[in-house]
Amino acid sequence: MNWDLIFTQMFSQAFGVNAMVYALAAIGLNIHFGYTGLLNFGQVGFMAAGAYGVAMTVFWLNWNFWLGIGIGVIFCVVLALILGVPTLRLRADYLGITTIAASESIRLFVRWRGNRERTGAAEGINDFADSFFALNVFDKPGNESYQFLFFEYRANDLWVMLVGWIVVAFCVLINWQLIRSPWGRVLKAIREDEDAARSLGKNAYSYKLQALVLGGVIGGFGGMLQVISKQSVQPDTFNPVITFLIWTIVIIGGVGKVWSPVVGSIIYWGLISLMITFMRELIGTGAGPNLDRFLNLSILNVDQLRFVIFGGALMLLMWFRPQGIFGSREEMALDDR
Amino acid sequence: MKKLQFISGLAIVLLSFVGLTAPAWSQTEQEINGRLQIRTADGERVPAEGVIITVDGVGEAISDADGVWSVSVPEPGIYTVFVDEETLPDGVSLRTVGRSSLEVEVEAGKPKTALFSLVEGEGTAAGTNTSEGITGRRIAQLTVEGLKQGLYLAMAAVGLSLIYGTTGLVNFAHAELVTWGGLMTYFFNYYGLAGMIGFLAPLPAPFGGGSNLIFAAFFGMIAGGAMGYLLDRFLFRTLRRQGVSLIAQMVITIGLSILMRYAFVYFFGGSPRSFRNFTAQSAIDIGPVQITPKDLIAMGISTVVLLAIGGLLTFTRIGKAMRAVSDNRDLAESSGIDVQRVISTVWIFGGSVAALGGVFFGLDQVKWDFGFRILLLIFAAVTLGGLGTAYGALVGAIVIGLVVNLSTLFIDPELKNMIALLSMVLVLMFRPQGLLGKAERIG
Amino acid sequence: MTDDKRAPILGATAGGGGAGAAVQENIHNPVEGVFDTVEAVPGSKKPDTILTAQNVTRRFGGLKAVDVETLHVQRGAITALIGPNGAGKTTFFNLLTGFDNPDEGHVELNGVSIDGVASHKLAAKGMVRTFQLTKALSRLTVLDNMKLGAKNQPGENFLKALVSSMWTDREAEVDAQARELLARFNMTHMADEFAGTLSGGQRKLVEMARSLMTDPEVVMLDEPMAGVNPALTQSLLGHVKQLRAEGRTVIFVEHDMDMVREISDWVVVMAEGEIIAEGTPDAISANQAVVDAYLGSHHDSELDFGEDS
């Protein structure tokens, strides 16, 4: 059993590209659900909008990569408006169904073969972020790895992480400032009771729309950084399961807290890679044949365990600790949603 | 205590999987495979034999009499697959001109299918609309396909709608009940009732060995009902008693859906499988329409089942009780209806009908996520008809089936599911109570 | 035009928060005697009307939930809206406050039509409401609940919220106003508690105090006494009278006739969606049509006429 590998995996993943990307997506969702009470089941749609905004700018329009970041933001804003204007008057569960339907529609549309020249259809778009990696301050020939303590990252990933975590810090800061402001107070009031907010003269609809746009754009940044890091965008990576992974992360950290998405993402990615690497190692030991015989567990399906665990975690957290693993019980008692 | 209950419930569910996989699955080495079929001028599909397929850097294969080919690949990764156009039968070409290579991503231990579409005559250029024009024959064919899909969808939708009606819960895990029914039927079909527990296999059918699909489907329905009961008894009843909010319950169903789905792929593997009986049927002509006998029979059965459900809801005591609880839970409770029992019944009933839906959808192929793939269509059907109204779900399902299939007259079939989702969104926007629902009173 | 009749909001705290029965006796009633000349019939004209409803109807399916021909509400008075369960009182309230739209009809506030005006805009026009099921914002502190009611807070604009200096000055004013109101309602010690931890009666108080943060002309209270324990009821009644003393108009829905008699200047009776009677509390208690409407339709009505019937 290679404990060194297990811990290297755990710590590297906990602060790696994935943790950064999902922290961003979760900051967005936390603004939607945690602060405004919007049941957004289509956060992955915003990630897709941001990702395709960048990739299509380079691939289809042949424009500058950096312009693509702006286009990605515009895509997210437009998506939020298209989604929000007609549906934010609907009941919460209808909004949930509508947003998941919208995110699936986006996936189906970009993978449509008729869009091959624009989105690359099912195969997606590759190698569009050279301009980004041209600026890599950690550049090493052959994209070799850096190692320190328990961490190990490829040169390109390190560059994405540096930029990405700065974006995360910036978004957390914005989030913190907004939530402590009167604007954030109105959002929380809408989450608690929309009618009460309206009776006090707050245009709940407008605030919900603003929250949807803000959270959507932040989610879009997550999508952009994800596809930039891989230099590849593919429609099927934006499936609804991703949205619910983001939900799990938000709930791990505790719904409606500024730090929860970041903490949740680090914990999730750290723990899940600890478990999976441990399992992989365990399969490699003498216990392997027995695991296969009694649990049907082998190197072939060990990765599916990741989803089994996070599905179960989502259930149990929502049931027993919707206030997050660090939240207090008193707070939960007040949660009358 | 409640935790204990939940964990024991979960354990039962998981153990049932473990038990079921006793005849261990020999995990195949990864391969790329496919089945070459030629679409003839009159819409039939015939296998293409003797076509050479090359996997770049690995090897090649020749399609057999059924058009089937496969190439083993050493490790997971992305491979390019070529079809040798020179070896295509005379008068046959690629449906999309120039699409003679595909990139496929192979996952560890899983077969990956590479599809090449062949047509009789000339193919069309990439990106152009492949629709063959609007002919009466096509409309008839698509209408039947739409009815078929609608009827199968209705089986899944009716339970979802009743559960929503009686408990207010939007159950995202309902699609997994469809998959569960399909998978269980598959297991019964191959290993029989007791045969799944290895040492009982030698017993005669339907106990050991495989059992006929019709028996198997029946047992699949029982398994579906049992799963519905267990979920309600050990999970949702507890949640209701603890006063967990409906929104939280809904998120819990999402977690459940993911848990179940990936438990399926964990135990069942990722590749699609077919039932043992009625697999390769060729379509028969009825008037202008082509349909396979198995689909015809399944449509007949589902019509009968749906009519029976209608009758059950309208005329029987328990059916009336279900509708009463849907209508006004408190009133029903105060007029002496055992609401808990009605909800239990609804779950059992919803689970078993969804399982039957799973069998019908599974006639093409059974896969770990084939229920989830239609989840949004089920939602579309249910919201279209009006959440919580059982009859509405039936009507909504048929409408969705027809919309999805007939839309291919005008748009690329790849986008047909998107049309269904968008039409659902439109309905929610302009008539949120659905087609058959009543406007709600505020306050 | 009306401002001169109204004491400044913060100056009127003399009565103090405790508001025991003894204090209430001294609360000034600025509309005393105004109703002497008003005819006690449905739709009667008032000397100084602030709110008017004309031919307001609302149907649910085949059922006509509200069908109000004419209603004039006197400025500065406490008007009670009573009626048996299902009479359409709350629905009528929803129609007046923009939370529901009438199928037909007109509503005017201060002589200006508010037909189709969104509910959140009515607060700016000086009308604020509370709810039958109290809507305290559970996971906000009592102080934040109060601050939410404040008008003209630039920090509620997204871009201005990003720059603290744009809103901290106003926030300090709002904070002071909120704390003063809390003191008046005797709730200073709860300012930093989550509203969700309060008792039912305390929530009612918070809701009423919060609505005053908007400095409203018209306060619409939907069953302000429902579920409040008797000790707190007296305090609540005192606060309602205090609103009148400040020159505000109060319209409230209530079941309990004792409360209605104690504080209201004018009573409007609804049954089956229509207004069947109007009059002073004493006149209404003696009105046979009202008694029939209550006893005829609901024997278990909470309305108790006691020795008057």
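Rules behind the numbers
- Residues numbered from 1 in each chain as written.
- Chains lettered and ligands numbered in written order.
- Predicted model: local features only at pLDDT ≥ 70, side-chain atom pairs only at ≥ 80, totals over all residues.
- Heavy atoms only, no water.
- Helix = DSSP H or I, 4+ residues; strand = E, 2+ residues; numbered from the N terminus.
- Buried < 20%, exposed > 50% of the residue type's maximum accessible area, 1.4 Å probe, protein only.
- Pairing = 2+ DSSP bridges.
- Salt bridge = Lys/Arg side-chain N within 4 Å of Asp/Glu carboxyl O.
- Core = buried A, V, L, I, M, F, W, Y, C linked by side-chain atoms within 4.5 Å.
- Contact = heavy atoms within 4.5 Å.
- Phe/Tyr/Trp six-rings, centres within 6.5 Å; stacked < 30°, edge-to-face > 60°.
- Lys NZ or Arg CZ within 6 Å of the ring centre and 35° of its normal.
- Axes fitted to C-alpha atoms, helices over the stretch in contact; angles between N-to-C directions.
- Parallel < 35°, antiparallel > 145°, perpendicular 65-115°, else oblique.
- Left-handed = near helix turned anticlockwise from the far one by under 90°.
- Domains from an automatic or database assignment.
- Nonpolar A, V, L, I, M, F, W, Y, C, P; charged D, E, K, R; others polar.
- Polar contact = N/O pair within 3.5 Å; in protein donor to acceptor, adjacent residues only side chain to side chain.
- pLDDT = per-residue confidence, 0-100.
- Buried area = accessible area lost by both parts, 1.4 Å probe.

**Student:** In this structure, what is going on with the environment of M56(A)? I would like to understand it.
**Tutor:** Residues and elements named next belong to chain A. With respect to the secondary-structure elements, M56 resides in helix α3 (residues 43-59). By relative accessible area, which is 12% here, M56 ends up buried. With 64 residues separating them along the chain, M56 and G120 place their C-alpha atoms 8.7 Å apart.

**Student:** Whenever I open this one, the pairing of strand β1 (residues 49-60) of chain C confuses me. Can you help?
**Tutor:** The two faces of the sheet receive side chains in turn, since in a regular strand these alternate between them. Residues and elements named next belong to chain C. With 10 bridges joining them, β1 and strand β2 (residues 63-74) adopt antiparallel strand pairing. By the bridge assignment, R58 is partnered in β2 with V66. For β1 and strand β4 (residues 104-109), the ladder comprises five bridges, and the chain directions are antiparallel. Its bridge partner being in β4, A53 is matched across the sheet by V107.

**Student:** Just checking my understanding: could you explain the pattern of salt bridges for this structure?
**Tutor:** Should the charged atoms of two oppositely charged side chains come close, the side chains can pair. In the structure shown here, the tally under the stated rule is 35 salt bridges over all chains. Taking the shortest distance from any N to any O, the salt bridge between E171(C) and R185(A) comes out at 2.7 Å. Of the two residues, E171(C) sits in helix α6 (residues 168-184) while R185(A) sits in helix α9 (residues 182-192), which places them in two different chains. Judged by relative accessible area, which is 13%, E171(C) ranks as buried. Of the charged contacts, one joins K147(C) and D175(C) as a salt bridge, the two residues approaching to 3.2 Å between their closest N and O atoms. Separated by 28 residues along the polypeptide, K147(C) in helix α4 (residues 142-148) and D175(C) in helix α6 bring together distant segments of the chain. Exposure class is identical for K147(C) and D175(C). Each is buried.

**Student:** What should I look at first to understand the nonpolar core in this one?
**Tutor:** A general feature of soluble globular proteins is that nonpolar side chains tend to end up buried together. In this structure, F41(A), F128(A) and W247(A) are the most contacted members of the largest nonpolar core, which totals 240 residues. Element by element, the count of residues in this core is highest for helix α2 (residues 17-36) of chain A, at 14 residues. Among residues more than four places away in sequence, those in contact with F41(A) are G96(A), T99(A), I100(A), S103(A), T243(A), F244(A), W247(A), F172(B), M250(B), V251(B) and I254(B). In this structure, L95(C), V117(C), L122(C) and I275(C) belong to the second largest nonpolar core, which totals 32 residues.

**Student:** Explain the packing of aromatic side chains here, please?
**Tutor:** For any pair of aromatic rings, geometry is given as the distance between the ring centres together with the angle between the planes. Residues and elements named next belong to chain A. Within this structure, the stated rule accounts for 45 aromatic pairs over all chains. With a centroid separation of 6.1 Å and an interplanar angle of 75°, the aromatic rings of F138 and Y146 are classed as edge-to-face. Residue classification places F138 among the partly exposed residues on the basis of a relative accessible area of 23%. The exposure class of Y146 is partly exposed, given its relative accessible area of 22%. A connected cluster of aromatic rings, assembled from ring pairs, spans W3, F7, F11, F15, F148, F150, F151, Y153 and F278. Directly above the ring of W60 sits R118, whose terminal nitrogen or CZ lies 5.9 Å from the centroid. The ring centre of F307 lies 4.8 Å from the NZ or CZ of R306, which sits over that ring.

**Student:** Would you take a moment to explain the packing of helix α3 (residues 174-191) of chain B against helix α4 (residues 213-241) of chain B for this structure?
**Tutor:** A pair of packed helices can be characterised by two numbers: the angle between their axes and the separation between those axes. All names here are of chain B. Packing of α3 against α4 brings their axes to within 8 Å, and their N-to-C directions diverge by 140°. With respect to α4, the element α3 is oriented oblique. Along this stretch, α3 crosses α4, giving a crossing that reads as right-handed. Within the contact between the two elements, α3 uses L177, W180, G181, M184, T185, F188 and N189 and α4 uses L213, A216, A217, F219, G220, A223, G224, M227, G228 and L231.

**Student:** Help me understand the domain arrangement of chain C in this model?
**Tutor:** Accessible area lost upon the coming together of the parts serves often as the stated size of an interface. Residues and elements named next belong to chain C. Looking at the assigned domains, one finds that chain C contains domain 1 (3-10 + 31-136 + 216-299) and domain 2 (139-197). Once you take the C-alpha centre of each, domain 1 and domain 2 turn out to be 29 Å apart. Tallying the contact residues gives nine residues for domain 1 and seven residues for domain 2. On the surface where domain 1 and domain 2 come into contact, there are one salt bridge. The salt bridge partner of E246 is R184, with a shortest N-O separation of 2.7 Å. Of all the secondary-structure elements, those providing two or more residues to the side of domain 1 that touches domain 2 are α3 (119-124) and α8 (230-245). Per-element accounting of the side of domain 1 that touches domain 2 gives the leading share, three residues, to α8. Looking at side-chain class alone, the side of domain 1 that touches domain 2 contains six nonpolar, two polar and one charged residues.

**Student:** Even after reading the chapter, I still don't get the sheet that holds strand β5 (residues 112-113) of chain C, so can you show me in this structure?
**Tutor:** Hydrogen bonds between backbone atoms are what pair the strands of a sheet, whose relative direction is either parallel or antiparallel. All names here are of chain C. Taken together, four strands build an open sheet; the order of strands is β2-β1-β4-β5 and the sheet is antiparallel. Of all the strands in the sheet, just β2 and β5 have a single pairing partner and so form its edges. In terms of strand pairing, β4 meets β5 through two bridges, oriented antiparallel. Residue pairing for β5: L109 is matched across the bridge by V112. The strands that helix α2 (residues 89-96) touches are β1, β2 and β4; relative to β1, the one it contacts most, it runs at about 115°.

**Student:** Quick question: what am I supposed to make of the pairing of strand β7 (residues 218-222) of chain C here?
**Tutor:** Residue and element names in this part refer to chain C. Counting buried positions along β7 gives five out of five residues, so the element sits mostly inside the fold. Of the two faces of β7, the one lined by V218, M220 and D222 and the one lined by V219 and L221 are each fully buried. Bridging between strand β6 (residues 127-129) and β7 involves three bridges; their strand directions are parallel. Paired with M127 across the bridge in β7 is V218. Where β7 lies against strand β8 (residues 249-253), five bridges are found, and the strand directions are parallel.

**Student:** Help me understand the side chain of R129(C) in this model?
**Tutor:** Residues and elements named next belong to chain C. Mapped onto the elements, R129 comes out in strand β6. With relative accessibility at 4%, the residue R129 sits in the buried group. Only 2.7 Å separates the side chain of R129 from the side chain of N94, close enough to count as a polar contact. In this structure the side chain of R129 is engaged in a polar contact, spanning 3.3 Å, whose partner is the side chain of T97.

**Student:** Would you mind going over the confidence of the model for chain C with me for this structure?
**Tutor:** As a note on interpretation, predicted positions should not be read in detail where pLDDT is low. All names here are of chain C. Taken over all residues, the pLDDT of chain C has a mean of 82, while the share at 70 or more is 87%. pLDDT under 50 marks residues 1-24. Its contacts with residues more than four places away, or in other chains, come to 44 contacts. Predicted confidence for residues 297-309 stays below pLDDT 50, and this span has 16 contacts to residues more than four positions away or in other chains. Among the prediction metrics, the complex's ipTM stands at 0.88, with pTM recorded as 0.82.

**Student:** What is the right way to read the interface of chain B and chain A from this model?
**Tutor:** Tallying the contact residues gives 56 residues for chain B and 48 residues for chain A. Carbon and sulfur atoms make up 74% of the surface buried where chain B meets chain A, a total of about 4800 Å² over both sides. Ranking the residues of chain B by area buried against chain A places Y262(B), Y266(B) and E414(B) at the top, with a combined share of 14%. Linking chain B to chain A there are two salt bridges. Across the salt bridge formed by R113(A) and D412(B), the nearest N and O atoms sit 3.0 Å from each other. Connecting chain B to chain A are five residue pairs in polar contact (both at pLDDT 80 or more). Elements with a contribution of two residues or more to the side of chain B that touches chain A: α1 (2-20), α4, α5 (246-268), α10 (375-385) and α12 (416-430) of chain B.

**Student:** What is the right way to look at the environment of G86(C) in this model?
**Tutor:** Looking at the secondary structure, you find G86(C) in the loop between β3 (78-82) and α2. When the C-alpha positions of G86(C) and V41(C) are compared, they lie 22 Å apart, and in sequence the two are 45 residues distant.

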